[in-house]
Amino acid sequence: MALEEYKRKRDFRQTPEPPPQVGKANQNRFVVQKHRATRLHYDFRLEMDGVLKSWAVPKGPSLDPADKRLAMQVEDHPVSYFDFEGIIPASNYGAGTVMVWDVGTWQPLGDAHEMLRKGDLKFRLSGKKLKGEFALVHMKSRRPGSKGTEWLLIKHRDGHVQPDYDIEQYDKSVLTKRSMCEIAGDKGSAEWESSRKAAARGGSSKNDWLADTIAKVDARKAKAAKQSGNGRKAATKRASTAKEQRASAKRTPAKAAASSRGTAVKKNSSRKKTA
Ligand code: MN
């Protein structure tokens, strides 16, 4: 349920992103992903209630308390997104390159649910890049028709402050040490697939949350391989479906947009791609 929007926006036959599955044990992890989509931004995600609560931060987090970073709350992501690094193929939702920019754990400074509900979430990060106390503060919408998704990500004053923090100087994945360009140069998400399998092989209880997801993905791949024999038939069917969607989009754009995530919808919605 919590991942309905995540599921609705994506075609899992096309994207290497993990399937929408709610996790079990809450390990209070956080991840920041640098995402070069239509516009570059950083996705700030906190593990909570079996999902990753997510905000898109256009300028990225800062260790300078003077920087109040706009953070647009976006749909919850599955916890298996935690180590997603790679390429989301063109024409898919969020198409572009994703880097695991920072990982670690977070501690709420108070009751997390209460603070989230009130729109004043205070927490401490223990990451590789981000450390110390921060706050996510919900902004009252000033514009009529605003979705109310605007928050500010602010560093609190403590021993981890770095005045004039310049995020551009830190363009390295904490997972693979690669720069954004190096990740973009890779073929597909092969790197992510292999790192995920390696993590599962590690067999520590920490990685249990991965096991179900991996099993499902593997089963799906096996199924896909099996079906590739009937590939032509399936392709024809898909093509005609896409054609129908385009035709229906022409007839009733609003209805088509609401009921499908077809080609026409994606092409017309740059907003969707940036999230
Ligand atoms: Mn993003």
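Residues numbered from 1 in each chain as written. Predicted model: local features only at pLDDT ≥ 70, side-chain atom pairs only at ≥ 80, totals over all residues.

S.K.: Would you explain the overall build of the chain in this entry?
M.R.: Across its full length, the chain carries nine helices and nine strands. In the chain, buried positions account for 28% of the 275 residues. Considering only contacts within the chain whose residues lie at least 6 apart along the sequence, 57% involve residues at least 24 apart. (Helix = DSSP H or I, 4+ residues; strand = E, 2+ residues; numbered from the N terminus. Buried ≥ 20, exposed ≤ 12 C-beta atoms within 10 Å, placed from the backbone. Contact = placed C-beta atoms within 7 Å.)

S.K.: Can you walk me through the nonpolar core in this structure?
M.R.: Most often, soluble globular proteins have nonpolar side chains that are buried together. Counting 37 residues, the largest nonpolar core has Phe44, Trp55, Val57, Ala71 and Leu153 as its most contacted members. Looking at this core, the element that brings in the most residues is strand E6 (residues 96–108), giving six residues. When residues no more than four places from it in sequence are discounted, the contact partners of Val57 are His41, Tyr42, Phe44, Arg69, Leu70, Ala71 and Leu153. (Core = buried A, V, L, I, M, F, W, Y, C linked by C-beta atoms within 7 Å.)

S.K.: Looking at this structure, I do not really get the environment of Gly110. What am I missing?
M.R.: You can see Gly110 is positioned in the loop between E6 and helix H2 (112–118). Expressed as a C-alpha distance, the spacing of Gly110 and Phe123, which sit 13 residues apart in the sequence, is 8.0 Å. In this view, Gly110 contacts Met115 and Lys122; residues no more than four positions away in its chain are not counted.

S.K.: What am I meant to see in the pairing of strand E3 (residues 51–57) here?
M.R.: On any regular strand, side chains alternate: one points to one face of the sheet, the next to the other face. Judged by how many residues are buried, E3 sits mostly within the fold: seven of seven residues are covered. In this antiparallel pair of consecutive strands, strand E2 (residues 40–48) and E3, the connection spans two residues, and Asp49 shows a positive phi of 55°. Relative to strand E4 (residues 68–78), E3 runs antiparallel, the two being bridged by five bridges. Bridging across to E4, Trp55 finds its partner in Gln73. (Pairing = 2+ DSSP bridges.)

S.K.: Explain the pairing of strand E9 (residues 150–155) to me, please; I cannot follow it from the model alone.
M.R.: Direction of pairing for E4 relative to E9: antiparallel, over a ladder of five bridges. Counterpart to Arg69 in the pairing with E9 is Leu153. Pairing geometry for strand E8 (residues 131–138) and E9, over five bridges, is antiparallel. Bridge pairing links Ala135 to Ile154 in E9.

S.K.: Which parts of the structure should I look at to understand the confidence of the model for the chain?
M.R.: Low-pLDDT portions of the prediction should not be read for the details of their coordinates. Per-chain confidence: the chain averages 78 in pLDDT, with 67% of residues scoring 70 or above. Predicted confidence for residues 246–275 stays below pLDDT 50, and this span has 39 contacts to residues more than four positions away or in other chains. (pLDDT = per-residue confidence, 0-100.)

S.K.: Before we go on, may I ask you to explain the environment of Ser80 in this structure?
M.R.: Mapped onto the elements of the fold, Ser80 is located in the loop between E4 and strand E5 (86–88). Taking C-alpha positions, Ser80 is 8.9 Å from Glu17, a pair spaced 63 residues apart along the chain.

S.K.: I would appreciate a short explanation of the environment of His156 in the present structure.
M.R.: Counting through the fold element by element, His156 comes out in the loop between E9 and helix H3 (180–184). Residues His156 and Ala135 lie 21 residues apart in sequence; the distance between their C-alpha atoms is 7.1 Å. With near-sequence residues (within four places) excluded, His156 lies in contact with Pro65, Gly132, Glu133, Phe134 and Ala135.

S.K.: Even after reading the chapter, I still don't get unusual backbone geometry, so can you show me in this structure?
M.R.: If you check the backbone angles, Asp49 has positive phi at about 55° while not being a glycine. Examined against the element boundaries, Asp49 turns out to sit in the loop between E2 and E3. For Asp49, a count of 14 C-beta atoms within 10 Å translates into the label partly exposed. With a phi angle near 75°, Ser91 is a residue other than glycine that sits in the positive phi range. By the element assignment, Ser91 lies in the loop between E5 and E6. On the basis of neighbour count, Ser91 is assigned to the exposed category, with 12 C-beta atoms found within 10 Å.

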